[in-house]
Amino acid sequence: MSYDPSRPRPTYPWQPPPPPSAAPPRHRPDHPTPLGHHSDLRTLRGAYRRQRRVATLTALGYFVVFLVLSGFAPSLMTATVTTGLPAGLLLGLIQLPVTWLAIGVYERTARRRVDPLADRIRKQYEIDARRGATR
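The shown structure was predicted, so the numbers you read here are calculated from the model rather than taken from an experiment.

**Topic: the overall build of the protein chain**
- Counting its regular elements, the protein chain contains three helices and two strands.
- When the helices and strands of the protein chain are read in sequence order from the N terminus, they spell out α-α-β-β-α.
- For the protein chain, buried positions account for 16% of its 135 residues.
- By sequence separation, contacts in the protein chain at least 24 residues apart represent 63% of the contacts at least 6 residues apart.
- Summing over all exposed atoms, the protein chain offers an accessible surface of approximately 11400 Å²; the carbon and sulfur share of this is 63%.

**Section: the pattern of salt bridges**
- The full count for this structure, using the stated rule, is three salt bridges.
- Notably, a salt bridge pairs arginine 131 with aspartate 128, separated by 3.5 Å at the nearest N-O pair. Of this pair, arginine 131 and aspartate 128 both sit in helix α3 (residues 87–133), three residues apart, which is roughly one turn of that helix.
- A relative accessible area of 17% places aspartate 128 in the buried class.

**Focus on the nonpolar core**
- Within the largest apolar cluster, six residues are counted, these being Leu44, Ala47, Val114, Leu117, Ala118 and Ile121.
- Here this core takes four residues from α3, the largest share from any one element.
- The contacts of valine 114, once residues within four sequence positions are left out, are Leu44, Ala47, Tyr48, Gln51 and Thr109.

**Comments concerning a nonpolar patch on the surface**
- Taken together, Leu60, Phe63, Val64, Leu67, Val68 and Phe72 make up a surface patch of nonpolar side chains, about 590 Å² in accessible area.
- Relative to the elements of secondary structure, phenylalanine 63 occurs in helix α1 (residues 37–72).
- The class for phenylalanine 63 is partly exposed, based on a relative accessible area of 35%.

Calculation rules
- Residues numbered from 1 in each chain as written.
- Predicted model: local features only at pLDDT ≥ 70, side-chain atom pairs only at ≥ 80, totals over all residues.
- Heavy atoms only, no water.
- Helix = DSSP H or I, 4+ residues; strand = E, 2+ residues; numbered from the N terminus.
- Buried < 20%, exposed > 50% of the residue type's maximum accessible area, 1.4 Å probe, protein only.
- Contact = heavy atoms within 4.5 Å.
- Areas by Shrake-Rupley, 256 points an atom, 1.4 Å probe, with all protein chains shown as cover.
- Salt bridge = Lys/Arg side-chain N within 4 Å of Asp/Glu carboxyl O.
- Core = buried A, V, L, I, M, F, W, Y, C linked by side-chain atoms within 4.5 Å.
- Patch = residues over 30% accessible without salt bridge, like charges linked within 9 Å, V, L, I, M, F, W, Y side chains within 5 Å.

Below is the structure:
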């Protein structure tokens with residue numbers, strides 16, 4: 001139960017509660033908000049969320065695999081791939097290209113999915129703002 005200053009509490013418990021007041025009239029906007037406006041933002045939020053997850057799981061997933069192999073498969077990590085190059089060092093060096101791949105995936109999904117949605121929402125907002133300024 002939260003405190004509501006609009007409804008004063010009686011000082012004594014035997015006093016009757018004040019009569020409920022009529023709800024204040026609701027203010028209606030001059031013009032309705034455009035249909036689908038909230039669904040566009042929801043779609044944009046979902047696209048951006050997928051974009052972050054894919055990029056994060058690409059880089060972080062490889063790093064976790066590297067750490068698990070380092071902890072639980074030391075014989076694999078110390079095995080020699082070529083003369084003087086152990087598999088652990090090679091897998092560690094591959095981390096940099098995997099990070100670049102994650103950045104590339106992030107940029108590609110931004111250009112293909114997120115940016116067009118954001119541009120469409122921005123244009124719709126500008127149209128709505130101009131429409132509201134003329135009224």
